[in-house]
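The chain contents come next:
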Amino acid sequence: MGAEALENQSSSACGLVLPGGGARGAYQVGVLQAIAEVLGPGCAPFQIICGTSAGAVNAAVLASHAGDLGYGAERLSEFWSGLNCARIYRTDVATVLGSSLRWFLALASGGLLPVAPRALLDNQPLRELLEGALRLEGIEHAIEAGHLRGAAITASAYTRASAISFFQGRPDISSWQRTRRRGVPARLGVDHIMASVALPMIFPAQRLGNEYYGDGGMRMGAPLSPAIHLGANRILVIGTRDEKPDPEPSTPASYPGAGEVGGYLLDTVFMDTLNADIARLQRVNRTLSLLDPAQRAESGLRPIDVLVIRPSQDLRTLTAEHAGSMPATVKLLLRTLGGWGRDWRMASYLLFEASYTRALIGLGHADGLAQARRIKDFFAAP
């Protein structure tokens with residue numbers, strides 16, 4: 001995030017940033033429920049809501065009910081609590097094993113046979129679920145009612161190699177363009193969400209206009225910037241990974257499999273760039289605190305408060321406890337890729353089973369209530 005992200009805004013607005021995390025996105029729902037409880041019935045604390053990947057699903061629902069956070073969080077809880085893997089991607093033997101076989105044939109033929117699938121998993125069931133569950137016309141209603149200033153969903157454009165934040169908001173919000181990232185006005189729909197959730201190699205890319213898009217976290221080097229460009233002066237972030245360092249192995253580790261490497265890369269896509277962006281913003285805030293009022297006015301910058309709520313424990317622990325509920329075909333795929341048993345990162349993103357998502361919601365709720373004082377102080381600050 002560059003200095004341009006801190007330009008003075010004409011109004012004060014609180015933004016919510018929801019990064020991706022696959023099935024881990026259920027954790028965000030519990031935190032949101034806790035925030036609604038802490039702030040009280042009928043609260044509408046977020047005028048700007050931005051999401052990426054699984055966070056895009058949560059952002060779309062919240063933006064549709066921006067006038068009542070408690071109701072939006074309850075809708076999300078019902079959505080996530082009723083999930084299973086088959087409602088997100090096809091888990092039947094013919095689809096999963098057929099996809100794996102086509103990858104093998106494509107590699108064995110050196111690409112000469114036109115048999116390679118577009119992705120490991122087919123998430124058409126998710127599209128059907130979203131089309132039946134979402135009421136995205138509520139976003140326009142929330143904007144007209146004054147509850148919402150703007151909402152954004154970010155996806156990565158493969159041809160332009162850029163992060164594109166599709167936003168729907170008040171007429172006074174302008175498009176923006178920075179290095180490898182742009183803000184484009186749009187009427188948000190299921191296609192934008194499907195583009196944002198298209199994990200590379202795992203789920204197929206989504207075509208929007210003349211270009212294919214993948215997961216928004218791949219190219220977004222400044223995850224806070226869409227919220228700030230939409231006018232946020234304060235930002236609350238709900239992460240999907242704890243920040244406790246893993247201990248150094250006491251014995252030589254075995255060679256990482258493709259699944260383990262894939263889970264590692266997903267961690268990087270979803271959280272590492274966000275943490276770096278938060279650190280940059282905090283450095284700018286500290287620099288501004290050293291300036292006198294005249295110097296600060298001359299800089300054209302202003303501090304932006306950020307509150308980050310993260311899981312209090314490693315979510316891979318919960319994954320290990322609930323991994324047995326994953327469909328047998330997906331277990332076999334993850335075992336083949338080396339992403340089963342030793343390291344649960346990849347499984348933690350694909351385990352869309354109710355027992356796991358409910359456990360994540362419960363953890364998020366507890367973590368949110370544990371931060372009640374910080375939450376109150378954050379929203380009470382002038």
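Structure: see above.
Remember, it's a predicted structure, so these values are computed and weren't measured experimentally. The residue numbers shown here count from 1 along each chain, following its written sequence. In keeping with the model being predicted, local features are shown solely for residues with a pLDDT of at least 70 and side-chain atom pairs are shown and tallied solely at 80 or more, while totals for entire chains, interfaces and linings include all residues. Side-chain numbers come from the whole structure's heavy atoms, not from hydrogens or water.

J.: Sorry if this is basic, but what is going on with the overall build of the protein here?
T.: Helix and strand assignments come from DSSP, with helices taken as H or I runs of at least 4 residues and strands as E runs of at least 2, each series counted from the N terminus. Helix and strand counts for the protein stand at 15 helices and ten strands. For a compact globule the rule gives 2.2 Å times the number of residues to the power 0.38, and the radius of gyration it is set against comes from C-alpha atoms. A globule of 382 residues ought to have a C-alpha radius of gyration of about 21 Å, and the protein, at 21 Å, matches this closely. Principal axes of the C-alpha set define a box for the protein whose edges measure 65 × 45 × 40 Å. The buried share of the protein, taken over its 382 residues, is 55%. Intrachain contacts of the protein at a sequence separation of at least 6 include 77% that bridge at least 24 residues. Under the convention used here, a 1.4 Å probe and the Shrake-Rupley method define accessible areas, while residue burial counts only the protein chains that appear. As presented, the protein carries roughly 16200 Å² of accessible surface, and 55% of it is formed by carbon and sulfur atoms. Type-normalised accessible area, obtained with a 1.4 Å probe on protein chains alone, sets the label of each residue: buried when under 20%, exposed when over 50%, and partly exposed for intermediate values. Residue contacts are counted whenever heavy atoms from the two residues lie within 4.5 Å of one another.

J.: How do you make sense of the packing of aromatic side chains when you look at a structure like this?
T.: When we look at a pair of aromatic rings, we describe it by the centre distance and by the angle of the planes. Aromatic pairing here means that ring centres of Phe, Tyr or Trp (its six-membered ring) are within 6.5 Å. Orientation follows from the plane angle: under 30 degrees is stacked, over 60 is edge-to-face, and everything else is tilted. As enumerated under the stated definition, the model contains nine aromatic pairs in all. Aromatic pair Phe167 and Trp176: ring centres 5.3 Å apart, planes at 15°, arrangement stacked. Judged by its relative accessible area of 8%, Trp176 falls in the buried class. Grouping aromatic residues by their ring pairs yields a cluster made of Phe79, Trp80, Tyr89, Phe203 and Phe352. Lying across the ring of Tyr349, Arg24 places its NZ or CZ 4.5 Å from the centre. As a reminder, the over-ring test applies to NZ of lysine and CZ of arginine, requiring each to be within 6 Å of the ring centre and within 35 degrees of the ring normal. Over the ring of Phe378 we find Arg234; its NZ or CZ atom is 5.6 Å from the centre of that ring.

J.: Looking at this structure, how should I read the nonpolar core?
T.: The nonpolar side chains of soluble globular proteins are, as a tendency, buried together. If you look at the biggest cluster of nonpolar residues, it comprises 111 residues, and the most contacted ones within it are Phe46, Trp80 and Ile235. In this structure Trp80 touches Gly22, Ala23, Gly25, Ala26, Val29, Ala54, Asn58, Phe352, Thr357 and Ile361, once residues within four positions along its chain are discounted. Each nonpolar core is a collection of buried residues, namely Ala, Val, Leu, Ile, Met, Phe, Trp, Tyr and Cys, held together in the definition by side-chain atoms within 4.5 Å.

J.: Looking at this structure, I do not really get helix 5 (residues 124-133). What am I missing?
T.: Within an α-helix, residues lying three or four positions from one another point in the same direction, as the helix has 3.6 residues per turn. Those residues of helix 5 lying buried are Pro125, Leu126, Arg127, Leu129 and Leu130. The secondary structure elements touched by the buried residues of helix 5 are helix 2 (54-64), helix 3 (69-81), helix 7 (190-196) and strand 7 (206-208).

J.: Just to check I follow, could you spell out the pairing of strand 2 (residues 48-52) for this structure?
T.: If a strand is regular, its side chains alternate between the two faces of the sheet. In terms of burial, strand 2 is a largely internal element, five of the five residues being buried. On strand 2, burial covers both faces: Ile48, Cys50 and Thr52 on one face and Ile49 and Gly51 on the other are all buried. Across four bridges, the pairing between strand 1 (residues 14-18) and strand 2 is parallel. The partner of Leu18 across the bridge, within strand 2, is Gly51. Any two strands between which DSSP finds at least two bridges are classified as paired.

J.: Would you take a moment to explain the pairing of strand 1 for this structure?
T.: Within strand 1, five of the five residues are buried, which leaves the element mostly enclosed by the surrounding structure. Side chains Cys14, Leu16 and Leu18 project from strand 1 onto one buried face, and the interleaved Gly15 and Val17 project onto a second face that is buried too. In terms of strand pairing, strand 1 meets strand 9 (residues 234-238) through four bridges, oriented parallel. The residue bridging Cys14 from the neighbouring strand is Arg234, located in strand 9.

J.: What's the story with the layout of surface pockets in this structure? I'm lost.
T.: Left-over empty space is what a probe sized like a water molecule reveals as it rolls over the atoms. Here a cavity is any set of points on a 1 Å grid over the protein atoms alone where a 1.4 Å probe fits but cannot get out, and a pocket is any open set with protein on both sides within 12 Å along at least 5 of 7 lines; a residue lines the site when it has an atom within 4 Å of a point. Grid points are joined across faces, edges and corners, and a volume is the space filled by probe spheres set on the points. Of the volumes computed, that of the second largest pocket is approximately 370 Å³. Along the wall of the second largest pocket there are 14 residues; nearest its centre are Asp246, Pro247, Pro249, Glu260 and Asp343. Its residues assigned to classes, the lining of the second largest pocket comprises four nonpolar, three polar and seven charged. Each residue receives one of three labels: charged for Asp, Glu, Lys and Arg, nonpolar for Ala, Val, Leu, Ile, Met, Phe, Trp, Tyr, Cys and Pro, and polar for the others, Gly being one of them.

J.: Can you help me understand the side chain of Gln28 in this one?
T.: Mapped onto the fold, Gln28 is located in helix 1 (residues 26-39). Judged by relative accessible area, Gln28 falls into the buried class, the value being 0%. A distance of 2.8 Å separates polar atoms of two side chains, one belonging to Gln28 and the other to Asn58. The residues contacting Gln28, other than those within four sequence positions of it, are Leu18, Pro19, Gly55, Asn58, Ile238 and Thr240. Definition of a polar contact: a pair of N or O atoms within 3.5 Å, with one able to donate and the other able to accept a hydrogen when the atoms are protein atoms, and with sequence-neighbouring residues admitted only if both atoms are side-chain atoms.

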